[in-house]
Number of protein chains: 2
Amino acid sequence: MTRIALDAMGGDFAPETPIEGAVLALQSLPASHDIVLVGRSADIETALSLHDVPEGRLRVVDAPDVIDMAEKPLQAIRGKRKSSIRIGLEMVKVGEADAFVSGGNTGAMMAGSTLVLGLHPGVDRPAIGALFPTVSQPVLLLDAGANVDCTPRELRGFARLGSVYARDVLQRPQPSVGLLNIGDEAEKGNEAVRGAHALLAEDPGLRFVGNVEGRDIINGDCDVVVCDGFVGNVVLKFYESVARLFGGLLEQEVSAELLQTPGMQRVFKILDYTEYGGAPLLGVRGVSIICHGSSPARAIANAIAVAAQSVDSQVSQHIAAKMAEDGAVP
Amino acid sequence: MTRIALDAMGGDFAPETPIEGAVLALQSLPASHDIVLVGRSADIETALSLHDVPEGRLRVVDAPDVIDMAEKPLQAIRGKRKSSIRIGLEMVKVGEADAFVSGGNTGAMMAGSTLVLGLHPGVDRPAIGALFPTVSQPVLLLDAGANVDCTPRELRGFARLGSVYARDVLQRPQPSVGLLNIGDEAEKGNEAVRGAHALLAEDPGLRFVGNVEGRDIINGDCDVVVCDGFVGNVVLKFYESVARLFGGLLEQEVSAELLQTPGMQRVFKILDYTEYGGAPLLGVRGVSIICHGSSPARAIANAIAVAAQSVDSQVSQHIAAKMAEDGAVP
């Protein structure tokens, strides 16, 4: 039995949207997978009463505290021990749940996951993995925002984390890894990136394909793109705005009707980040999936599916093994 | 009389494409503006013979050396004193030309401009300004690739350079400046950006509007967006690839014919970076405009127009004045 805990209080439209997402997810999750809703039980029960829930597949765990989107992450996680984020992560820690998914305060999810679950030995810093749509298969970019200043060693750590995730969850048997840079040559880039290039090139456990530039990210030539969390976060958010710009331009220059045609809907579905579910926080002991605060129900359902795949493929255990093995490599 | 010097040997299809660009530019430049083609005169004359050139508007200056795209910039600029880039920049320095435009080796253009023209007093580092298309007016992002590791003071310098350029060349009377970051709050971001936030906030000569995130760049809310050259270069190149991705998706999911409709052509024209001409290298004494190596003739013509506007608006002189004035501010 796989149990995915979901933060029912996380996101801009909680608890309604998370609960709708959970109900939606249950339609495609195998019968062996249940969902645990964590949050204020009275609020959850009220919202749940509007849905037809399959017997025995949804459980509620009470968490009377809520961490607001604007709260200071570390302070909130330390202070609100009965919050949905803290309780959900503790359930993963003690084995009462196999994964935790939240569209709540991102900083609190990062701080909480690190604090409550801890890091696998050999992991310097956890990283957020984000999927970028391309014409072919999506690309995993990390770090998408957990770490702003990174050392070469930390960037190598992201490459290792991303490789295991790409293999286990994205089904890329031998994932290729590119280093985001501003030119092809090894000596290009800032200090951290130049150092990382050398470390990646000599790592026998990685299929390192060298530098990739901004224009290469969505070529789909690479399975994993490594960068620090500042650059990654800027590019990720920029990409999310581009589909909106494109829609705006089409409406202005072509016609609003065009946007409604099935072909155009498919284009926007490919570009729609909510299709790709949540972003895993890689490197922590256990499965922790971070969603946008603005996630609609479908995005939450997709994030739950990503959590289920992560649990079923044992990605966290494989990361632990990889890090132990690489620890032996100088 | 304004004289724009153009590197006839710069870019992937030189000298044909630069020359085609020059001929195209002359169709819309005022009669008071001439173009000087710098490069191997025999090659230039051959390529020129295919065009109808208006009497007395195009002059050729011989430069027997060519700097290749792959050459080490500093070495090439120092070693090849008779190269088109070096000679073109020297013409600007001694007043034989008012601006220099090149689609050649970008590194050599940066190194050469700094070395030959020098920096205005008070400028720590020159910055490349790139225009990003939006639904409304384009946004100036800088630095787009000249400096990979930047101090807070250097980032403030970019804000000052960009403000003058936005006012003089983009006609934004009181340009607003945003700092590219990963969140709204002043304490967000990496060390350099946090430091820059403080400096920008207390600069009386800037209309600083605070942090902007990746998703805000192309909202068009800001006239100038400031970041280091690593982030700027990644985002710029990423943006350039997105129009290609859209085209690919539309062809795949909708129809190739749709791309040929006038409305869709307008959309792609807005997204097409070649419409925005070259990128100015700001902070050097004089006007130096950098083009993509792959620039088609229309992009070269647009870059020449940008050079002409820069000369006519005296942006370089205004930058010198601004820097002298701000130098007095602690």
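Presented here is a report on the structure given in the accompanying data block. (Residues numbered from 1 in each chain as written. Chains lettered and ligands numbered in written order. Predicted model: local features only at pLDDT ≥ 70, side-chain atom pairs only at ≥ 80, totals over all residues. Heavy atoms only, no water.)

1. Describing unusual backbone geometry
- Cis geometry marks the peptide bond from Leu142(A) to Asp143(A); its omega dihedral reads 10 degrees.
- Within the fold, Asp143(A) resides in the loop between β6 (139-142) and α6 (152-168).
- At the junction of Ala14(B) and Pro15(B), the peptide bond is cis and its omega measures out at 0 degrees in the coordinates.
- Inspection of the secondary structure puts Pro15(B) in the loop between β1 (2-7) and α1 (16-28).
- In this structure, Gln314(A) takes a positive phi of about 55 degrees despite not being glycine.
- Here Gln314(A) shows up in the loop between α10 (297-312) and α11 (315-328).
- Not every positive phi belongs to a glycine, and Gln171(B) is a case in point at roughly 55 degrees.
- In this fold, Gln171(B) is placed in the loop between α6 (152-168) and β7 (176-180).
- Exposure remark for Gln171(B): the relative accessible area of 56% places this residue in the exposed category. (Helix = DSSP H or I, 4+ residues; strand = E, 2+ residues; numbered from the N terminus. Buried < 20%, exposed > 50% of the residue type's maximum accessible area, 1.4 Å probe, protein only.)

2. Comments concerning the state of the cysteines
- Inspection of every chain in the model, using the stated rule, returns 0 disulfides over all chains.
- Cys227(A) supplies the cysteine sulfur nearest to Cys222(A), a cysteine that is in no disulfide, at a spacing of 12 Å. (Disulfide = S-S within 2.5 Å.)

3. Brief notes about the environment of Val92(B)
Residues and elements named next belong to chain B.
- Structurally, Val92 is set in helix α4 (residues 84-94).
- Overall, the relative accessible area of 10% leaves Val92 in the buried class.
- Spatially, the C-alpha atom of Val92 lies 47 Å from that of Glu257, the residues being 165 residues apart in sequence.
- Once residues lying within four places of it in the same chain are set aside, the contact partners of Val92 are Ala97, Asp98, Ala99, Phe100, Leu117, Gly286 and Val287. (Contact = heavy atoms within 4.5 Å.)

4. Let's talk about the relation of the copies chain A and chain B
- You can overlay chain A on chain B at an RMSD of 0.0 Å; the transform is a turn of 180 degrees with a shift of 0.0 Å along its axis. Given the turn and translation reported, the copies of this chain are related as if by a two-fold rotation axis.
- A symmetric contact is evident, with 98% of the interface residues of chain A recurring at the interface of chain B. (Least-squares fit on C-alpha atoms with pLDDT ≥ 70 in both.)

5. Some details on the sheet that holds strand β11 (residues 287-290) of chain B
Residues and elements named next belong to chain B.
- Pairing within the open sheet is mixed, and its 11 strands lie in the order β3-β2-β1-β4-β11-β10-β5-β6-β9-β7-β8. One side of each edge strand has no neighbouring strand; the edge strands of this open sheet are β3 (58-62) and β8 (207-212). Sheet twist, expressed as the mean angle between neighbouring strand axes with direction ignored, is 25 degrees.
- Inspection of the sheet shows strand β4 (residues 99-102) paired to β11 by 4 bridges, in the parallel sense. Opposite Val101, over in β11, you have Ile289 as the bridge partner. (Pairing = 2+ DSSP bridges. Axes fitted to C-alpha atoms, helices over the stretch in contact; angles between N-to-C directions.)

6. Topic: the interface of chain A and chain B
- Counting residues at the interface gives 49 residues for chain A and 49 residues for chain B.
- Overall, the association of chain A and chain B removes approximately 4,400 Å² of surface from exposure, summing both partners, and the carbon and sulfur fraction of that is 73%.
- The largest per-residue losses of area from chain A upon contact with chain B belong to Ile182(A), Phe230(A) and Phe238(A), which jointly make up 16% of the total buried on that side.
- The tally of links from chain A across to chain B stands at 6 salt bridges.
- Of the charged contacts, one joins Glu253(A) and Arg266(B) as a salt bridge, the two residues approaching to 2.6 Å between their closest N and O atoms.
- Summed over the shared surface of chain A and chain B, the number is 10 residue pairs in polar contact (both at pLDDT 80 or more).
- If you list the elements that add at least two residues to the side of chain A that touches chain B, you get α7 (191-201), α8 (229-253) and α9 (262-271) of chain A. (Buried area = accessible area lost by both parts, 1.4 Å probe. Salt bridge = Lys/Arg side-chain N within 4 Å of Asp/Glu carboxyl O. Polar contact = N/O pair within 3.5 Å; in protein donor to acceptor, adjacent residues only side chain to side chain.)

7. With respect to the packing of α8(A) against helix α8 (residues 229-253) of chain B
- Where α8(A) contacts α8(B), the two axes come as close as 10 Å, and the packing angle between them is 35 degrees. Here α8(A) and α8(B) pass one another in a crossing that is right-handed. Of α8(B), the residues touching α8(A) (which contributes Phe230(A), Val231(A), Val234(A), Val235(A), Phe238(A), Tyr239(A), Val242(A), Ala243(A), Leu245(A) and Phe246(A)) are Phe230(B), Val231(B), Val234(B), Val235(B), Phe238(B), Tyr239(B), Val242(B), Leu245(B), Phe246(B) and Leu250(B).
- When its residues are assigned to classes, the contact of α8(A) with α8(B) shows 20 nonpolar, no polar and no charged. (Left-handed = near helix turned anticlockwise from the far one by under 90°. Nonpolar A, V, L, I, M, F, W, Y, C, P; charged D, E, K, R; others polar.)

8. So, the sheet that holds strand β1 (residues 2-7) of chain A
Residues and elements named next belong to chain A.
- Taken in spatial order, the 11 strands make up an open sheet running β3-β2-β1-β4-β11-β10-β5-β6-β9-β7-β8, and their pairing is mixed. Only two strands of the sheet have a single neighbouring strand rather than two, namely β3 (58-62) and β8 (207-212). Between one strand axis and the next, the sheet turns by 25 degrees as a mean value, whatever way the strands run.
- The sheet contact formed by strand β7 (residues 176-180) and β8 spans 4 bridges and is parallel.

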